[in-house]
Amino acid sequence: MTTAPAIEVAALEKSYGSTRAVDGISLVVSAGEIFGLLGPNGAGKTTTVEILEGYRRADGGTVRVLGLDPIEGGARLRPQIGVMLQDGGLYPGLRPLEVLRSFAAFYDDPHDPIALLELVGLTEARATIVRRLSGGQQQRLALALALIGRPSLVFLDEPTAGMDPHARVSTWQLVRDLRDAGTTVMLTTHAMDEAEQLCDHVAIVDHGRIVASGTPAELTSRAGVDELLFSAVAGLACNELAAALGVGPGVVTELRPGEYRVAAEATPGLVADLAVWMRDRDVRLGDLRAGQRTLEEVFLRVTGAGTT
């Protein structure tokens, strides 16, 4: 048996006056996966997500979310989805437990609000007025609200914005647990490390179009070139290192203080020669990557926001 996709979008279009915010986007999100929709500000990802959520009507194309048209089937769709907004949507004069109990009343089989507060790490803040919560705590409350109705599909907009490192890692694990329990997650984030850690598939949007898509591993390996990237102390003698590696002048460059590129095929011999050269000079080698870029580097490259 095959499982129907959670989201199917074909040739999606949306304009505001003369501005085309979404220009023919097509994508498929499998049930039970974490899908990242990435893009710079103004790229069209927020409009796309709002159409999927049923808050905006598309000008063209077809959209199916859990098998339903988000506009025509909105009444049937809304109980099955959860939405976490990046900002707003909380009642500043209420307490977290009061907010969750209020929202729980809208659903036939909601999560237990007290258990949900514990799940997102807000038990000790359950009686604190929302406006007195930290930014990270408000984000965790927004996440709890998105989950209160036991959704089959949840939309998370910048879910860890404002969180401290511990809360961020805990939220990552919570998102993974949702996926493992069968919930589909559509994630929008500007944190490329978050997308790389969490997402099964990503689509990068720029100027209303998808400019790259695939698994994070596919995108980072596909962008690979013949080069070796490493970090060490700033100010290494690049020409001296190039001679030791048997490559020409200018092949070894310092991209920024302490970060270097060797623009040559990263053979085992080249890596060994680099390690020997650094050992002989008692230089500690930091990060070492061969023929692969980070998701952030891919993002900058395909959106025209960088030249590397």
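For clarity, every value in this text was computed on a predicted model and none was experimentally measured. (Residues numbered from 1 in each chain as written. Predicted model: local features only at pLDDT ≥ 70, side-chain atom pairs only at ≥ 80, totals over all residues. Heavy atoms only, no water.)

(A) Seen up close, helix α6 (residues 165-180). Counted at 1.5 Å a residue, the expected span for α6 with its 16 residues is 22 Å, and the 23 Å between its end C-alpha atoms agrees. A167, T171, W172, L174, V175, R176, L178 and R179 are the residues of α6 that are buried. In this structure, the buried side of α6 is in contact with β3 (34-38), α4 (113-119), α5 (135-147), β6 (153-157), β7 (184-188) and α7 (192-198). Of the residues flanking the end of α6, it is G182, one or two places downstream, whose phi is positive at about 105°. (Helix = DSSP H or I, 4+ residues; strand = E, 2+ residues; numbered from the N terminus. Expected span 1.5 Å × (residues − 1). Buried < 20%, exposed > 50% of the residue type's maximum accessible area, 1.4 Å probe, protein only. Contact = heavy atoms within 4.5 Å.)

(B) Seen up close, the pattern of salt bridges. One pass over the full model with this rule turns up 18 salt bridges. Residues R57 and E72 are paired through a salt bridge, measuring 3.8 Å at the closest nitrogen-oxygen approach. Of this pair, R57 sits in the loop between α1 (45-53) and β4 (60-65) while E72 sits in the loop between β4 and α2 (74-77), placing them 15 residues apart in sequence. Taking relative accessible area as the criterion, E72 reaches 63% and is therefore assigned exposed. The salt bridge involving D180 is made with R179; its shortest N-O contact spans 2.8 Å. Judged by relative accessible area, which is 56%, D180 ranks as exposed. Taken together, the shared-partner salt bridges in this structure form one network comprising E13, R20, D23 and R209. (Salt bridge = Lys/Arg side-chain N within 4 Å of Asp/Glu carboxyl O.)

(C) Highlighting the sheet that holds β6. Spatial strand order, β5-β6-β7-β3-β8-β9: six strands in an open sheet with mixed pairing. With partners counted over all chains shown, the strands left at the sheet margins are β5 (81-84) and β9 (209-214), one partner each. Direction aside, neighbouring strands of the sheet carry axes that sit 15° apart on average. Pairing between β5 and β6: four bridges, direction parallel. Note that in β6 the partner of I81 across the bridge is L153. Most of the contacts of α5 go to β5, to which it runs at about 165°, and overall it touches β5 and β6. Across the sheet, α6 is in contact with β3, β6 and β7; its angle to β3 comes to roughly 125°. (Pairing = 2+ DSSP bridges. Axes fitted to C-alpha atoms, helices over the stretch in contact; angles between N-to-C directions.)

(D) Summary view of the pairing of β7. Summarising burial for β7: five of the five residues are buried, a large majority. In β7, alternate side chains face the same way, and those of T184, M186 and T188 on one face and V185 and L187 on the other are all buried. Bridge count for β3 against β7 is three bridges, and the pairing is parallel. Paired with I34 across the bridge in β7 is V185. Across five bridges, the pairing between β6 and β7 is parallel.

(E) The arrangement of the environment of S152 in detail. With respect to the helices and strands, S152 occurs in the loop between α5 and β6. C-alpha separation for the pair S152 and L77, spaced 75 residues apart in sequence, amounts to 10.0 Å.

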